[in-house]
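For reference, the chains in residue letters:
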Amino acid sequence: MRVSRRTAMSLLAAAVVLGLALTTASAASPPATAGSVRGVSTASSPLKAMFDYGVCRGTSSKCYNDWGDRADPSQAGRALIYTRTAGPRHAHLGTALPAGLNPELGADNVAQANLVTWLREAGIAADWTEDVGQLSSAGRLRPYHTVIFLSTTRDTLDDNAQTALMQYIRGGGGFVGIHNAFGTEYHWKWYEGLLGGTNFYDHGRHQNATVVAESKRDASTQSLPRTWEFKDEWYNLFPEPSHVQPLLRVNEASMLEGTTGGLGHPGHGREHLVSWCQYYDGGRAWLTTLGHDIAAWTDAELVGDAHFRQHIVNGIRSAMGIAAFCQK
């Protein structure tokens, strides 16, 4: 059938209008992909954004794979602490460690040494390394109940280690990200999703503020008071965490030196999360931005440090499956 030029132009205009309408609707309500779980979205600031990572993620245990589940409540299990840095290095990590598994720790490796001690006191064995070769295969990671990224920085994994971590998590492994784990692997979207669909953007002044428990049933928060004081950098994140279970947030009104970060992030308002959890691509992920101050990792006096220690240890226990995971 012959179509006139006027008719053709009308049809084209209609198609453009329809396309714009569909695009607008899609942006307003992003559809869940197959297998995804719509969890708790905590973002409410003007920086709110929705990113999808093409995996099953959220607060439902349907996203967990118990393939040869390592968790046995009668056994405390074993954790691997990974602290390799490929950029700025936090003072609490001290001098870079030599290659290998469980190298000798120096006097300034306070975060590694004290975390190992805290876990040992909780009945959990821990290995530590900054050798990416120790993460070279899922088989090497499989004996661990969880892998802990403690203040890692930038691109700390090679291709083999990225594949190994992904396969380990997909088989039901646990992951714990502490402090600058959020400033790691910026160019790997799967890892961004593992963190809760977020990563570090900047932070405000290192200052005291009030931490608020969003969940009182989770293993990592049930022993904590409803509010407590702590000193940290208070990370600003982008994108904001999504599809996660909030555990702790910071009350920005208590941040007397302001919320704006060094690169201009205005803060997150009431929904400024500092700890959360999620199921992700078959595994468990427990995450916190807390832990900047050296004193938080030592016996030095720091307001709220006992609560921080309880929160970290019990969060690790939950990621390992020893305690109930990600409770609202």
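These notes cover the structure that comes with them. (Residues numbered from 1 in each chain as written. Predicted model: local features only at pLDDT ≥ 70, side-chain atom pairs only at ≥ 80, totals over all residues. Heavy atoms only, no water.)

## Some points on the overall build of the protein
Reasoning step 1: Each helix and strand in the protein was counted, giving six helices and 12 strands.
Reasoning step 2: Scored against the burial criterion, the 328 residues of the protein give a buried share of 53%.
Reasoning step 3: For the protein, long-range pairs separated by at least 24 residues make up 77% of all intrachain contacts whose partners lie at least 6 apart in sequence.
Reasoning step 4: If you sum the accessible surface of the protein, you get close to 14,100 Å²; carbon and sulfur atoms cover 54% of it. (Helix = DSSP H or I, 4+ residues; strand = E, 2+ residues; numbered from the N terminus. Buried < 20%, exposed > 50% of the residue type's maximum accessible area, 1.4 Å probe, protein only. Contact = heavy atoms within 4.5 Å. Areas by Shrake-Rupley, 256 points an atom, 1.4 Å probe, with all protein chains shown as cover.)

## Section: helix α4 (residues 159-170)
Reasoning step 1: Spanning 12 residues, α4 covers 17 Å between terminal C-alpha atoms, matching the ideal 16 Å at 1.5 Å per step.
Reasoning step 2: Within the sequence span of α4, burial applies to A161, Q162, A164, L165, Y168 and I169. When α4 is viewed along its axis, its buried side chains cluster within an angular range of 165° and face the same direction.
Reasoning step 3: Contact partners of the buried residues in α4: α3 (138-141), β4 (146-150), β5 (174-178), α5 (189-194), β11 (273-280) and β12 (283-288).
Reasoning step 4: Two or three places before N160, at the start of α4, stands the capping residue D158, its side-chain oxygen 3.2 Å from that residue's backbone nitrogen.
Reasoning step 5: At the C-terminal side of α4, G172 shows a positive phi close to 100°. (Expected span 1.5 Å × (residues − 1). Arc of directions from axis to C-beta. Polar contact = N/O pair within 3.5 Å; in protein donor to acceptor, adjacent residues only side chain to side chain.)

## Observations concerning unusual backbone geometry
Reasoning step 1: For the bond running from F238 to P239, omega is -10°, close enough to zero to count as cis.
Reasoning step 2: Within the secondary structure layout, P239 lies in the loop between β9 (235-237) and β10 (245-251).
Reasoning step 3: Phi angles above zero are rare outside glycine, and H243 is one such case at about 55°.
Reasoning step 4: Structurally, H243 can be placed in the loop between β9 and β10.
Reasoning step 5: By relative accessible area, H243 is classed as buried at 7%.
Reasoning step 6: In this structure, D281 takes a positive phi of about 50° despite not being glycine.
Reasoning step 7: One can find D281 in the loop between β11 and β12.

## A look at the nonpolar core
Reasoning step 1: Counting 48 residues, the largest nonpolar core has I81, L115, L119, I148, F230, W234 and W297 as its most contacted members.
Reasoning step 2: Core analysis: the next-biggest nonpolar cluster, separate from the first, contains 33 residues, F149, A164, L195 and L287 among them. (Core = buried A, V, L, I, M, F, W, Y, C linked by side-chain atoms within 4.5 Å.)

## Side note on the packing of aromatic side chains
Reasoning step 1: Tallied over the entire structure, the rule returns 16 aromatic pairs.
Reasoning step 2: For the pair W118 and W297, a centre-to-centre distance of 5.4 Å together with 10° between the ring planes defines the contact as stacked. With W118 in helix α2 (residues 110-121) and W297 in the loop between β12 and α6 (305-320), this pair connects stretches of sequence that are 179 residues apart.
Reasoning step 3: W297 gets classed as buried once you look at its relative accessible area, which sits at 0%.
Reasoning step 4: In textbook terms, an aromatic cluster arises when at least three aromatic residues are bridged by ring pairs, as seen for Y82, F149, F175, W188, W190, Y191 and Y280. (Phe/Tyr/Trp six-rings, centres within 6.5 Å; stacked < 30°, edge-to-face > 60°.)

## A few points about the state of the cysteines
Reasoning step 1: In total, this model carries two disulfides according to the counting rule given.
Reasoning step 2: Each sulfur of the disulfide joining C56 and C63 lies 2.0 Å from the other. One quick way to see it: the torsion about the S-S bond of C56 and C63 is about -75°, and its sign makes the bridge left-handed.
Reasoning step 3: Exposure remark for C63: the relative accessible area of 2% places this residue in the buried category.
Reasoning step 4: Two residues, C277 and C326, share a disulfide whose sulfurs are 2.1 Å apart. Between C277 and C326, the S-S torsion sits near 95°, and that sign places the bridge as right-handed. Placement of C277 in strand β11 and of C326 in the segment after α6 is noted, with a sequence separation of 49 residues between them. Neither C277 nor C326 differs from the other in exposure class; each is buried.
Reasoning step 5: Should the bonded cysteines of the protein be numbered as they appear in the sequence, the pairing reads 1-2, 3-4. (Disulfide = S-S within 2.5 Å.)

## Topic: the pattern of salt bridges
Reasoning step 1: A full pass over the atoms with the stated rule returns eight salt bridges.
Reasoning step 2: Note that D127 is salt-bridged to R78, the shortest N-O span being 2.9 Å. Here D127 is found in strand β3 (residues 125-129), whereas its partner R78 is found in strand β2 (residues 78-82), with 49 residues between them in sequence.
Reasoning step 3: Among the residues examined, D127 registers a relative accessible area of 5% and is labelled buried.
Reasoning step 4: Judged by its relative accessible area of 34%, R78 is partly exposed.
Reasoning step 5: Here E271 ties to R270 by a salt bridge, and the two come within 3.4 Å at their closest N and O atoms. (Salt bridge = Lys/Arg side-chain N within 4 Å of Asp/Glu carboxyl O.)

## Points about α2
Reasoning step 1: For α2, with 12 residues, the first-to-last C-alpha span of 16 Å sits near the 16 Å given by 1.5 Å per residue.
Reasoning step 2: Buried within α2 we find V110, A111, Q112, L115, V116, W118 and L119.
Reasoning step 3: On the buried face of α2, the contacting elements are β2, β3, β4 and α6.
Reasoning step 4: At the exit of α2 stands G123, carrying a positive phi of roughly 85°.

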